[in-house]
Amino acid sequence: MSIFADLKSGLITDAPEATEALGRRLAAELPREAYLALRGDLGVGKTTFVRGLARGLGIDKHITSPTFNIYTLYRGSRHLLHMDAYRLSSARDAEDLTLEEFLNPPFIAVVEWPDNITEWFPPETFWLEFSILTPGRHQIRLVG
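Visitor: I'd like to hear about the overall build of the chain, residue by residue, with values.
Guide: Assigned secondary structure in the chain consists of four helices and seven strands. Along its sequence from the N terminus, the chain presents helices and strands in the succession α-β-α-β-α-β-β-α-β-β-β. Against the globule reference of 15 Å for 144 residues, the chain gives a C-alpha radius of gyration of 14 Å, in line with a compact fold. In terms of overall dimensions, the chain has a C-alpha envelope of 40 × 30 × 30 Å along the principal axes. Within the chain, the fraction of its 144 residues that count as buried is 50%. Put simply, of all contacts in the chain between residues at least 6 apart along the chain, 63% involve residues at least 24 apart. If you sum the accessible surface of the chain, you get close to 7300 Å²; carbon and sulfur atoms cover 51% of it. Of note, the chain has its 15 positive side-chain charges centred 5 Å away from the centre of its 19 negative side-chain charges.

Visitor: Requested: an account of the layout of surface pockets, with residues and values cited.
Guide: Estimates place the volume of the largest pocket at around 190 Å³. Contributing to the lining of the largest pocket are 13 residues, with Leu-42, Lys-46, Ser-65, Glu-112 and Trp-113 lying nearest its centre. For the lining of the largest pocket, the element with the most residues is helix H3 (residues 46-56), which contributes three residues. Among the residues making up the lining of the largest pocket, the classes are represented as four nonpolar, six polar and three charged.

Visitor: Give a detailed account of the environment of Tyr-86, specifying residues and quantitative values.
Guide: By the element assignment, Tyr-86 lies in the loop between strand E4 (79-84) and helix H4 (91-96). Considering only alpha carbons, one finds Tyr-86 and Pro-114, 28 residues apart in sequence, at a separation of 7.4 Å. Not counting chain neighbours up to four residues away, the residues in contact with Tyr-86 comprise Glu-112, Trp-113 and Asn-116.

Visitor: Describe the packing of helix H2 (residues 16-29) against H3, with residues and values.
Guide: Helix-helix packing is described using two parameters, namely the angle between the two axes and the distance between the axes. Put simply, H2 and H3 touch, their axes get as near as 6 Å, and they point 45° apart. For the element pair H2 / H3, the angle class is oblique. For the pair H2 and H3, the sense of crossing is right-handed. Within the contact between the two elements, H2 uses Pro-16, Thr-19, Glu-20, Leu-22, Gly-23, Arg-24, Leu-26 and Ala-27 and H3 uses Thr-48, Phe-49, Arg-51, Gly-52, Leu-53, Arg-55 and Gly-56. Residues that form the contact of H2 with H3 fall into these classes: six nonpolar, five polar and four charged.

Calculation notes
- Residues numbered from 1 in each chain as written.
- Predicted model: local features only at pLDDT ≥ 70, side-chain atom pairs only at ≥ 80, totals over all residues.
- Heavy atoms only, no water.
- Helix = DSSP H or I, 4+ residues; strand = E, 2+ residues; numbered from the N terminus.
- Rg over C-alpha atoms; globule rule 2.2 N^0.38 Å.
- Buried < 20%, exposed > 50% of the residue type's maximum accessible area, 1.4 Å probe, protein only.
- Contact = heavy atoms within 4.5 Å.
- Areas by Shrake-Rupley, 256 points an atom, 1.4 Å probe, with all protein chains shown as cover.
- Lys, Arg positive; Asp, Glu negative; His and termini not counted.
- Charge placed at Lys NZ, Arg CZ, Asp CG, Glu CD.
- 1 Å grid on protein atoms, 1.4 Å probe; cavity = no way out; pocket = protein on both sides within 12 Å on 5 of 7 lines; lining within 4 Å.
- Points joined across faces, edges and corners; volume = space filled by probe spheres on them.
- Nonpolar A, V, L, I, M, F, W, Y, C, P; charged D, E, K, R; others polar.
- Axes fitted to C-alpha atoms, helices over the stretch in contact; angles between N-to-C directions.
- Parallel < 35°, antiparallel > 145°, perpendicular 65-115°, else oblique.
- Left-handed = near helix turned anticlockwise from the far one by under 90°.

Now the structure itself:
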């Protein structure tokens with residue numbers, strides 16, 4: 001079964017390693033260029049998921065939340081732009097970062113806290129919701 005079908009139903013992870021493995025699995029099936037918008041509270045596993053996604057793209061750098069620098073660019077078999085839009089207040093703020101200069105194919109753009117810049121995303125964006133079901137059990141679901 002396709003990871004996209006699985007994600008529409010919602011996948012449950014019970015350890016950070018499982019969340020990373022899910023990110024690696026998705027990396028293998030994403031189109032050549034893709035945007036991912038990750039919604040979810042603090043501590044729900046968004047950055048852990050991005051770490052697995054990076055590994056799936058052949059990136060072996062240390063992946064951390066880009067909260068303080070807003071975005072980080074990693075190079076691998078495809079470029080990975082990892083952005084935290086928490087401190088941005090509009091799509092205009094994202095445009096002012098001139099990110100399009102970094103989004104040269106092939107690339108994956110992943111944005112944590114995307115809700116303030118929803119107009120910045122193209123229609124084909126993959127929207128993923130992360131939630132905590134019980135302590136230690138998280139759900140990741142493709143929505144929209």
